[in-house]
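# Architecture at a glance
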Amino acid sequence: MTNFRQWAWGLVGLALIGTAIWVVFSAARSALLWLGQIQSELATAIVAAGAAVLVSVLSVAVGKYLERRDAFERETRLKKVPVYESLISFIFGVLHSGKPGVPKMAEAEMVTRYGALTENLIVWSSDSVLKQFGEFRVASLKISEVGSPIAVLATLEDLMLAIRRDLGYRNTKIARGDLLRLFINDLDQHREALALLKR
């Protein structure tokens, strides 16, 4: 019985769509026939007035759409910036934890901050940033298997580049390793291995 109802409602829907198309087509045909019967000067004036109204309506609609889109992008960017800043701050905190002059980050604090950051990234980050964050996380978990931090560092740099791209930077003049050398002192020793990793 349920299948019959779905089939019947589908037929009703198709009939309504067909009727709507026929009404629009008939109205357009009648309007064109009527315009063809009246004097050419009057027809030209009516067409011009109709075109002016149509252009005005379209201009307002497009303007409103662009305005809403810009407002959404502005608001979203305002939400993204603190999330990205917190993520970079957390990563640097983990990298420098326990170094001379830097207190070691407690594991409980690390887990709490990481969980909150992940939630915020899921809500506010772009697709590419979210994907790169996943790549970085997986590479970080496998670092004991790989034995070399180069692959993890490459995914970290890709994540940072994705964040910069999402904030509007083009990154066209940044080569592999350019961001890493800002905070890794012995990067030149790993340049060759790093160069083999694609961006």
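Heads up: these notes are all about the structure in this document. Since the model is a prediction, treat every value here as computed from it, not as a measurement. (Residues numbered from 1 in each chain as written. Predicted model: local features only at pLDDT ≥ 70, side-chain atom pairs only at ≥ 80, totals over all residues. Heavy atoms only, no water.)

Before going further, it helps to spend a moment on the layout of surface pockets. If you add up the space inside the largest pocket, you get close to 650 Å³. Taken together, 24 residues make up the lining of the largest pocket; nearest its centre are I91, V94, L95, F136 and S140. Contributing elements (two or more residues each) for the lining of the largest pocket: helix 2 (40-96), helix 3 (107-124), helix 4 (127-141) and helix 6 (150-166). The element that contributes the greatest number of residues to the lining of the largest pocket is helix 2, accounting for six residues. Here the lining of the largest pocket is composed, by residue class, of 18 nonpolar, three polar and three charged. Lining the second largest pocket are 13 residues, with I88, M160, I163, R164 and L167 sitting closest to its centre. Contributions of two or more residues to the lining of the second largest pocket are made by helix 2 and helix 6. Ranked by residue count, the leading element in the lining of the second largest pocket is helix 2, at five residues. Considered class by class, the residues forming the lining of the second largest pocket number 11 nonpolar, no polar and two charged. (1 Å grid on protein atoms, 1.4 Å probe; cavity = no way out; pocket = protein on both sides within 12 Å on 5 of 7 lines; lining within 4 Å. Points joined across faces, edges and corners; volume = space filled by probe spheres on them. Helix = DSSP H or I, 4+ residues; strand = E, 2+ residues; numbered from the N terminus. Nonpolar A, V, L, I, M, F, W, Y, C, P; charged D, E, K, R; others polar.)

Moving on, we get to helix 4. Taking 1.5 Å of rise per residue, the 15 residues of helix 4 would be expected to cover 21 Å, and the 21 Å separating its terminal C-alpha atoms lies within 8% of that figure. All buried positions along helix 4 are accounted for by V129, Q132, F133, F136 and A139. Projection of helix 4 onto a plane perpendicular to its axis shows the buried side chains occupying an angular sector of 130°, all on one side. Exposed and facing more than 90 degrees away from the buried side of helix 4 are D127, K131 and L141. (Expected span 1.5 Å × (residues − 1). Buried < 20%, exposed > 50% of the residue type's maximum accessible area, 1.4 Å probe, protein only. Arc of directions from axis to C-beta.)

A separate point is the nonpolar core. One finds L87, L121, V129 and L159 to be the most contacted residues of the largest nonpolar core, which totals 26 residues. At the level of elements, helix 2, helix 3, helix 4 and helix 6 are the ones that each hand at least two residues to this core. With eight residues, helix 6 is the single largest residue contributor to this core. L121 has contacts with V83, Y84, L87, V129, L130 and F133, leaving out every residue within four places of it along the chain. (Core = buried A, V, L, I, M, F, W, Y, C linked by side-chain atoms within 4.5 Å. Contact = heavy atoms within 4.5 Å.)

According to the stated counting rule, one finds five salt bridges in the structure shown. For D166, the salt bridge is made with K80, and the minimal N-O distance between the two is 2.9 Å. A residue pair is termed long-range when its members are at least 10 positions apart, and D166 in helix 6 and K80 in helix 2 qualify at 86 residues. With respect to burial, D166 and K80 carry one shared label: buried. A salt bridge links R176 to E157; the shortest N-O distance between them is 3.0 Å. Remark: E157 occurs in helix 6 and R176 occurs in the loop between helix 6 and helix 7 (191-195); sequence separation between them is 19 residues. E157 carries the same exposure label as R176, and that label is buried. Overlapping salt bridges bring together E157, D158 and R176 as one network. (Salt bridge = Lys/Arg side-chain N within 4 Å of Asp/Glu carboxyl O.)

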